[in-house]
Amino acid sequence: MTAAAGETHEFKAEIRKLLDIITHSIYTNREIFLRELVSNASDALDKLRFEISKGTAIADADAPLEIRITTDKEGGRLTIADTGCGMTQNELVENLGTIAKSGTEAFMKSVAENKDAASNLIGRFGVGFYSVFMVADKVTVTSRAFAPDAAPARWISDGSGSFSVEAVEGDVPRGTTIEIELKEDTKDYGDPQRVKDVLRKHSNFISFPVLVDGEKTNTLPALWRESKFSVTPEQYKEFYKFLTYDEDEPLATIHISVDAPVQFTALLFVPAKGLGPMAFRDALHNGLDLYVRRVLISKEVKELIPEYLGFVRGVVDTEDLPLNLSRETLQENLVLRKIQTVIVKQVLDKLKSLAKEDPDKYATFFKEHGQALKLGYGDFAHRETFAELMRFDSSAIERDDNDTSLAAYVERAKEGQKSIYYLSGPSRDALDLNPHLEIFRAKGLEVLYLYEPVDEFIMDSIRTYKDLTIKSAELVEAGELDAFAGEAPKKETPELSKDEEGSLDDFLKKIKELLGDRVTEVRLSTRLTQSPSCLVSPDDHMTSSMQKIMRMVTKDTSVPKKALELNRDHALIRNLLAIYRNDAADPFLGKAVEQLYDSALLLDGYLSDPHQMVARINDLLADASALHVKG
């Protein structure tokens, strides 16, 4: 198409409709016009650099490759100029006067139901330049192509339905200059500080210098695009500070460059601390910043990294995406899923190396970010690495020591041990007193301490580690531990007489009768050495902690039926046996049995109302004190 000087052209009907949407809709993100124009200028400079590399003769060969932005706050004007490949008069008509029909139709369809979404779609359908009319009353584009004999030309439009093109007399430098007369309500874009803020947000890593009123704004290089061998530790620290505003050094830096299955580069950091007082909550709402060819597309894209690695900060840059994506498209994009797969492996491998090379540093990491990391128990593709990264408190380590790994547990395991044992509870003090731990302490077997509900899901997910089955100490049959030597010290108790032995079965039946169907059975324990009683699940499929979680989900407030185990050598059980043998109907026996049951419920975390138990304790204390008074 040949354009005569001074000709006026009407935009096609679909273009006029497009411009009407852009110029008259209310946008929450008008600033993206500057990102689009600077990106176009960068593309023009890239094309010129390619021509230079081919040895093509160009005009103004000594002119620097740069983007110059001039502001005029009082006059309400903004000028964006580049020294790129430029355009001829015909190219101005072709590039700025028409849009690919398919692109236009797709854009129209995307904003048909929600015009305010247009600003999130601009650039995706080849309509990036037209975003300028969100802020402009009039736009003048003056351009000269790179060929030495190219004639300059000018394109002018107010976005209302037509544009004009004309030849330009005189000397015009190579490249393109866009002069914008700002609307009354967008004159803040004539403020140099406003322009710099937008550029730092969206275009801070353009590979060519971007100058605002002569001052370079993109002073930080796009480090992720550099070879990791050429970047200094100081540069990484400076970039991390720029990205997070965190004064502390990151615990780990991960620099990724991948060509397949998708081409992308990334620079990721593991902060030394949670970035705020609500660090765990914040981590679940963050993501990685997504760039396309150094241009920021979207901040904190959750689709780039799973929730359990949400503490990772950084940027991802890819060539394999269009210059803009709607949020909906981001969520469905296959490229992003492939990028996430690579990133997850790289981050987990880095953490695994950190744990091996610097255990103290990894302990610091786990203290800060372990709560988030634990949420990865459902990532079965990385289950083995995940197991290596977990840390737990343990009966085998001192209270203030760093938590232990499963690998360290296995190294300490006894000869012939086939399981890794764990026990759940609210605290170390509570677990140290847990009756289920007594037999393990007696046998010198280590038990991992779990304090959080998610820990049970982790153990259920890992299941086995280095050929050892992971098993709750609460569900272990005492006979399984017979092969291990060792006994806990017992209080001196006389042997039961034959008559006493003969009364045991009836004694147990009496207790079952008193408790009714609240327990499945009452039996003598082979696991207790210090405590008088405990509750044991009737099967070996679910721990009491997991039962509570499941009942919470289903809103089941009932108390599960379990077996009550009694320690026949405990003084309290011996005394109750004597009371039973003397008078099976003695009311004290009923009170004491109820108290044993409630105490066991309390230890398991099932006692919802302590009022009856407190009243009963007072009665029992009154009875006991009366005996002392009589004595």
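To be clear, the structure that these remarks concern was listed above.
The shown structure was predicted, so the numbers you read here are calculated from the model rather than taken from an experiment.

Peer 1: Sorry if this is basic, but what is going on with the overall build of the protein here?
Peer 2: Check the secondary structure of the protein and you find 21 helices and 22 strands. For the protein, the residues scored as buried account for 50% of the 631 residues in total. Once local pairs closer than 6 in sequence are excluded, the contacts in the protein between residues at least 24 apart make up 71%. Element-wise, carbon and sulfur atoms account for 49% of the exposed surface of the protein, whose accessible area totals about 30900 Å².

Peer 1: I would appreciate a short explanation of the sheet that holds strand E11 (residues 264-270) in the present structure.
Peer 2: In sheet architecture, strand pairing relies on hydrogen bonds along the backbone and comes in two forms, parallel and antiparallel. Across the sheet, which stays open at both edges, the 5 strands sit in the order E10-E11-E14-E12-E13 with mixed pairing between neighbours. At either margin of the open sheet sits one strand with a lone partner, and together these are strand E10 (252-258) and strand E13 (295-301). Between one strand and the next, the sheet's axes are offset by a mean angle of 15°, whatever the strand orientation. Relative to E13, strand E12 (residues 288-292) runs antiparallel, the two sharing 4 bridges. Each bridged residue has a counterpart across the sheet, and for Leu288 the counterpart in E13 is Val301. Of the strands in this sheet, E10, E11, E12, E13 and strand E14 (313-318) touch helix H10 (residues 334-357), which is tilted by about 140° from E10.

Peer 1: Is there a simple way to explain the nonpolar core in this structure?
Peer 2: The nonpolar side chains of soluble globular proteins are, as a tendency, buried together. Phe264, Leu309, Ile343, Leu373 and Phe440 are the most contacted members of the largest nonpolar core, which totals 71 residues. A total of 11 residues in this core trace back to one element, the largest contributor, which is H10. Those residues within four positions of Ile343 in sequence are excluded, and the remaining contacts are Ile256, Phe264, Leu268, Leu288, Leu304, Ile305 and Val316.

Peer 1: Can you help me understand the packing of aromatic side chains in this one?
Peer 2: The description of an aromatic ring pair rests on the distance of the ring centres and on the angle between the ring planes. The tally for this structure, following the rule as stated, stands at 19 aromatic pairs. With centroids separated by 5.6 Å and ring planes inclined at 70°, the aromatic side chains of Phe205 and Tyr291 adopt a geometry described as edge-to-face. Taken as a pair, Phe205 in the loop between helix H6 (192-202) and strand E8 (210-212) and Tyr291 in strand E12 lie far apart in primary sequence, 86 residues in all. For the pair formed by Phe205 and Tyr291, the shared burial category is buried.

Peer 1: Looking at this model, I keep getting lost on the environment of Gly190. Mind explaining?
Peer 2: Along the chain, the position of Gly190 falls in the loop between strand E7 (175-182) and H6. Overall, Gly190 belongs to the buried group, its relative accessible area being 0%. When near neighbours in sequence (up to four residues on either side) are disregarded, Gly190 contacts Thr71, Asp72, Lys73, Arg77 and Leu182.

Calculation criteria
Residues numbered from 1 in each chain as written. Predicted model: local features only at pLDDT ≥ 70, side-chain atom pairs only at ≥ 80, totals over all residues. Heavy atoms only, no water. Helix = DSSP H or I, 4+ residues; strand = E, 2+ residues; numbered from the N terminus. Buried < 20%, exposed > 50% of the residue type's maximum accessible area, 1.4 Å probe, protein only. Contact = heavy atoms within 4.5 Å. Areas by Shrake-Rupley, 256 points an atom, 1.4 Å probe, with all protein chains shown as cover. Pairing = 2+ DSSP bridges. Axes fitted to C-alpha atoms, helices over the stretch in contact; angles between N-to-C directions. Core = buried A, V, L, I, M, F, W, Y, C linked by side-chain atoms within 4.5 Å. Phe/Tyr/Trp six-rings, centres within 6.5 Å; stacked < 30°, edge-to-face > 60°.

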